[in-house]
Amino acid sequence: NYGLLPRDSRLDQAVTQWLQYDKNPKTAAAVRTMVKDRAMSELQKCFGARMEFGTAGLRAAMGPGVSCMNDLTIIQTTQGFCAYLEQCFTDLKQRGVVIGFDARAHPPSGGSSKRFACLAASVLISRGVPVCLFSDITPTPYVPFTVSHLGLCAGVMVTASHNPKQDNGYKVYWANGAQIIPPHDKGIAAAIEQNLEPWPKSWDTDGALQSSLLNDPYQDIHREYCQTIQQHCFHRELNKNTKVKVVHTSVHGVGHIFVQAAFKAFDLQPPYAVEEQKDPDPEFPTVKYPNPEEGEGVLMLSFALADKEGATVILANDPDADRLAIAEKQESEQWRVFSGNELGALLGWWIFQCWKQQKEDGKASIKDVYMLSSTVSSKILRAIAVKEGFHFEETLTGFKWMGNRAKELMDQGKTVLFAFEEAIGYMCSPAVLDKDGVSAAAIAGEFVSYLASKNRTLSHQLRSIYEEYGYHISKNSYFICHDQDTIKRLFERLRNYAGENSYPKECRGFAITAVRDLTTGYDSNQPDNKAVLPTSKSSQMITFTFANGGVATMRTSGTEPKIKYYTELCAAPGNSDLNLLKTELDNLVDVIVEHFYQPEKNNLTPRPE
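What counts and how
Residues numbered from 1 in each chain as written. Predicted model: local features only at pLDDT ≥ 70, side-chain atom pairs only at ≥ 80, totals over all residues. Heavy atoms only, no water. UniProt positions renumbered as here; feature names shortened; annotations may be inferred. Salt bridge = Lys/Arg side-chain N within 4 Å of Asp/Glu carboxyl O. Helix = DSSP H or I, 4+ residues; strand = E, 2+ residues; numbered from the N terminus. Buried < 20%, exposed > 50% of the residue type's maximum accessible area, 1.4 Å probe, protein only. 1 Å grid on protein atoms, 1.4 Å probe; cavity = no way out; pocket = protein on both sides within 12 Å on 5 of 7 lines; lining within 4 Å. Points joined across faces, edges and corners; volume = space filled by probe spheres on them. Nonpolar A, V, L, I, M, F, W, Y, C, P; charged D, E, K, R; others polar. Domains from an automatic or database assignment.

Under an unreviewed UniProt entry, the name given to the chain is Phosphoglucomutase-2-like, and the organism recorded is Sinocyclocheilus rhinocerous. What the UniProt record of the chain gives under Subcellular location (unreviewed entry) is the line "Cytoplasm". The annotation that UniProt attaches to the chain under Sequence similarities (unreviewed entry) is "Belongs to the phosphohexose mutase family."

Visitor: Hey, could you go over the pattern of salt bridges for me, with residue numbers and the actual values?
Guide: By the definition in use, this model includes 31 salt bridges. Asp279 is paired through a salt bridge with Lys278; the nearest N and O atoms lie 3.5 Å apart. Notably, a salt bridge pairs Glu492 with Arg495, separated by 3.0 Å at the nearest N-O pair. Taken together, the positions of Glu492 and Arg495, both in helix H20 (residues 484-495) and 3 residues apart, correspond to about one turn of that helix. Given the relative accessible area of 4%, Arg495 is considered buried.

Visitor: Tell me about empty space enclosed by the protein, residues and numbers included.
Guide: Scanning the model with the defined rule gives 2 cavities of 30 Å³ or more in all. A volume near 80 Å³ is recorded for the largest cavity. Taken together, 14 residues form the lining of the largest cavity, with Val376, Ser377, Lys379, Tyr566 and Glu568 sitting closest to its centre. Those elements that place two or more of their residues in the lining of the largest cavity are strand E18 (472-480), strand E23 (550-556) and strand E24 (562-570). Along the lines of polarity and charge, the residues of the lining of the largest cavity split into 4 nonpolar, 8 polar and 2 charged. Each pocket or cavity is described by its volume, and for the second largest cavity that value is around 60 Å³. Lining the second largest cavity we find Asp102, Ala103, Arg104, His252, Gly253, Val254, Asp281, Pro282, Phe284 and Pro319. Of the residues in the lining of the second largest cavity, the class split is 5 nonpolar, 2 polar and 3 charged. Two domains share the lining of the second largest cavity, each providing at least three of its residues, namely domain 1 (50-215) and domain 2 (225-337).

Below is the structure:
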């Protein structure tokens, strides 16, 4: 007992156990200092609650204690994961696991993605499990690609993607090449709790790195990946001769060499790299947040380089290169940063055109073709599917759902051409059952060179798509709310709007034609009123469909204190008065905010501008 903690209290037990188990001198010393300094609030923060292992694996700040990413929590997590894999796969010791990592590092705690990856390998190897451990940083998509390509039992990627620099994460892929979904998350979480004490050789990274069970797939997988994505290259001659100049930024992450290689695989001119951001740097010195979704703030250096080189298109990856943002110079000399939904429309249209051109060889039937998007993303693919005759399906938010659904469809002999989510995530190749910013960058490069040969731009093409299939304009934002009771009350009011179990029929003059509640499993569009998509009582999510073609989803965030809304107005083809449509969407959003969110009454903080 450490004197300052009530003996045998949960905190006392957690700290005592930690100091027994932790062999990292930096985190152990930090905890001893907290105890010596009687820093109770810090101890509570580090030991009050263990990081929750969910369907996205883990994501938290690096530092000491059970609530943070560090050597010991990585060992404990991997031990639980390994024990769960042993239960699920009789051939685990024949097939093995792949582990990849990005360039994140946290000197104060001695934590880094590479260090965590080596510890995870060490745990698995101590149990006789073969491990493919990449010898150097890779993009996240390389891990699911390797699982599928080599037929492994699972994959782990150590990354926090576009999170702030102090964070790290542990992302898990199953044998089908997609991110884990229930019940695996619960199974792994339970196994972690049963395997907290480090196994005898878990800390022995030196031994593991010498083991015959370890191999480095880096060269082979890089070559195979670049070869595989070439099946999506349809205009090689055009690519060789294109005059379009493209700038690429990897935002201090891993993307630079991989996007250069993907462009080469497509015979495209190498993109100009933003010098200050092309090499990995865990400090992310030139950006406030390393997230290209933030738009212009992250792209300032790209704009400057493009202006200097006369480039008209900018491609930006997030730090683990699984997402892609695109900006284009307009005739007005201004830059337009496309939204995730607009890029979903552009890439989905392009990939369908390429498939159609290929299909003239009589390869496949349109009745077997599918595209997917998450339920909070634009419905533009649905409009294209209705007109062109392929299938469109919605899944829950997150690529874990799209990846798993894509695999199910592929196992039934279907062709899954494309999947996307509005948070700039695109799956352009079924070789990676997750979002992939590297293949998406090369495919976008070819798309741009094709358009240029027709004297067109992405902006022209987007307008044509909307004119042909109907304008789809969206407006997404959120409110901040730290009080769970307020959030629950807000959603329960909508479920019991005019008496028990009755949802609103209208919102200030906007008639509601359908309601889907994925918290309770209600869907007024289904004959039995039961939702087809999986439901979850632990998160709030209601979608309203309006008579005017509007769709609005209200949902809580899994990782942040936010109540988000995603709204879209889907107009019929021919209805192209954009100003009128924008005004109508603005009015719809205003009444939803005022009458469903009630920000004053519920004390909600609007999104900071």
